[in-house]
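# Analysis of the macromolecular model
Below, each chain spelled out in residue letters.
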Amino acid sequence: MYKDKKVVFSGVQPSGVLTIGNYLGAIRSFADFSETYHCYYCVVDEHAITVRQVPADLRRRTYETLALYIACGLDPEKNTLFVQSHVSAHAELGWILDCYTMFGELSRMTQFKDKSAKNADNINAGLFTYPTLMAADILLYQSELVPVGVDQKQHLELTRDIALRFNQIYGDTFVVPDAYIPKETAKIMSLADPEKKMSKSDENENATVRILDPKDVIIRKFKRAVTDSGSEVRYAEDKPGVSNLISIYSAFTGKTVGEVEREFAGKGYGDFKLAVGEACADALAPVQAEFARLTADKAYLEDVMRKGSEAAAHDAARTMSKVRRKFGFTDLRR
Ligand code: ATP
Ligand code: LTN
């Protein structure tokens, strides 16, 4: 969309307090793109309502998620930070893309299958069409790159298929995006069940470490983390619990897996878990301090939201007008 810079887009749902999975899998890498790309980072509140939310909590978490973006190093002057429901083009393009997405394609989405199993009393149509809204988020800004955890890979593939399909019918309309998935931290696992993804909406508090957890809580959660039989700190397929902790420790300290194994050779799980907790708490301390400062200043956060949504709406309108023209909606604005 911008002649000088390629576009990056990503989003996080304000559906709970963010975990170190969200941090290591997605948000931590967002700032790396700020200089070379035109970046849009969105708080995707419309996605969050596919699962029942308490309105007051959703509102508060929307501010908090934006504050966390900034606390994690995203400068609002260098990135377009905004809230999805403030830009109506997302829902509008979402509907249009629904008409170019097949029932069978949406039925294959594993996130839909997982979330319907978890929310059996509320399998609503929005939960089903969620990936087309995500495709709209991305395609509206002609994004080239989308930094996400590996759980979103399937949604990105569907986004590409929708874009290609649309381009084939109507001629070049959308840039076809690529996922950017960090290698070592693409999927941080639950501390209570290392076969399961760590998820911010997990009801078991021992399963997640939240970005905002105080140091003593972080250390306690890592101490309780489910590990495997044996006592050796070694990265291996048959040791999912320890391997997950090694990935986390390595991500927070910058040490390689080999270095971590050597550091803890001959030491037990106890020493290792304590070290993981300390490294995690120390790395998150500056983010937490900045978060506390930002959430005390609601007016500033609203100013960021306002400016971000104005800029985003302006850019989204360009794509929308192209889309409308291409498939024959009448346009009175000329
Ligand atoms: P929910 O529990 O509400 O589904 P979530 O924790 O899965 O939420 P999202 O808001 O859906 O989080 O995801 C935000 C970003 O964080 C996405 O890019 C997603 O891929 C990434 N992410 C989420 N969980 C993990 C994880 N455990 N490991 C790595 N990346 C993750
Ligand atoms: N579906 C994502 C959140 C999300 C997103 C996006 C990520 C919504 N829209 C656009 C990247 C780009 C999730 O559940 N993690």
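Scroll up a little and you will see the structure.
First things first, this report covers the structure right here in the doc.

The rules behind each value
- Residues numbered from 1 in each chain as written.
- Chains lettered and ligands numbered in written order.
- Predicted model: local features only at pLDDT ≥ 70, side-chain atom pairs only at ≥ 80, totals over all residues.
- Heavy atoms only, no water.
- Salt bridge = Lys/Arg side-chain N within 4 Å of Asp/Glu carboxyl O.
- Helix = DSSP H or I, 4+ residues; strand = E, 2+ residues; numbered from the N terminus.
- Buried < 20%, exposed > 50% of the residue type's maximum accessible area, 1.4 Å probe, protein only.
- Axes fitted to C-alpha atoms, helices over the stretch in contact; angles between N-to-C directions.
- Parallel < 35°, antiparallel > 145°, perpendicular 65-115°, else oblique.
- Left-handed = near helix turned anticlockwise from the far one by under 90°.
- Contact = heavy atoms within 4.5 Å.
- Nonpolar A, V, L, I, M, F, W, Y, C, P; charged D, E, K, R; others polar.
- Near = heavy atom within 4 Å.
- Polar contact = N/O pair within 3.5 Å; in protein donor to acceptor, adjacent residues only side chain to side chain.
- Areas by Shrake-Rupley, 256 points an atom, 1.4 Å probe, with all protein chains shown as cover.
- Pairing = 2+ DSSP bridges.
- Expected span 1.5 Å × (residues − 1).
- Lys, Arg positive; Asp, Glu negative; His and termini not counted.

## Brief notes about the pattern of salt bridges
All told, the structure shown has 17 salt bridges when counted by the stated rule. K215 is the partner of D282 in a salt bridge, and the nearest nitrogen-oxygen pair spans 3.2 Å. Here K215 lies in helix α9 (residues 215-224) and D282 lies in helix α12 (residues 269-295), a separation of 67 residues in the sequence. With relative accessibility at 45%, the residue D282 sits in the partly exposed group. A residue is classified by how much of its surface remains accessible, and K215, at 38% relative accessible area, is partly exposed. Put simply, D303 and K307 hold a salt bridge, and the shortest N to O gap is 2.9 Å. Linking D303 with K307, this pair stays in helix α13 (residues 298-327), spanning four residues, or about one helical turn.

## Some details on the packing of helix α1 (residues 20-30) against helix α10 (residues 240-253)
Between α1 and α10, the least distance of the axes is 12 Å, while the angle of their chain directions is 50°. Of the possible angle classes, the one that applies to α1 and α10 is oblique. Relative to α10, the crossing made by α1 is left-handed. Contacts between α1 and α10 involve I20, Y23, L24 and R28 on the former and, on the latter, I248, A251 and F252. Of the residues that constitute the contact of α1 with α10, the class distribution is six nonpolar, no polar and one charged.

## Focus on the site of ligand 2
What surrounds ligand 2 is a group of 14 residues, the closest being Q13, Y130, M134, D137 and Q152. Y130 places a side-chain nitrogen or oxygen 2.4 Å from an oxygen atom of ligand 2. Its free accessible area being 370 Å², ligand 2 has 92% of it covered by the protein chains. In terms of residues, the shell around ligand 2 owes the most to one element, helix α7 (residues 125-140), which gives four residues.

## Concerning the pairing of strand β3 (residues 79-83)
By the criterion of burial, β3 is predominantly enclosed, with five of the five residues buried. The two faces of β3 match: N79, L81 and V83 on one face and T80 and F82 on the other face are all buried. Of the strand pairs in this sheet, strand β2 (residues 37-43) and β3 are connected by five bridges, and their pairing is parallel. Across the sheet, the residue bridging to Y40 is T80, located in β3.

## Comments concerning helix α3 (residues 55-71)
Here α3 spans 24 Å end to end across 17 residues, near enough to the 24 Å set by a 1.5 Å rise per residue. When α3 is considered as a whole, its buried residues turn out to be L58, R61, T62, Y63, E64, T65, L66, A67, L68, Y69, I70 and A71. Two residues or fewer after α3 comes G73, characterised by a positive phi angle close to 105°.

## Remarks on the side chain of K200
If you trace the backbone, K200 turns up in the loop between β5 (178-180) and α9. Buried charged residue K200 carries no salt bridge. Nearest counter-charge: D151, at 8.8 Å. At a separation of 3.0 Å, a polar atom in the side chain of K200 contacts the main-chain carbonyl oxygen of Q13. Looking at K200, its side chain comes within polar contact range of the side chain of S15, at 2.9 Å. Among all residues touching K200, those that are not within four sequence positions of it are V12, Q13, S15, G16, V17, L18, T19, N22 and R210.

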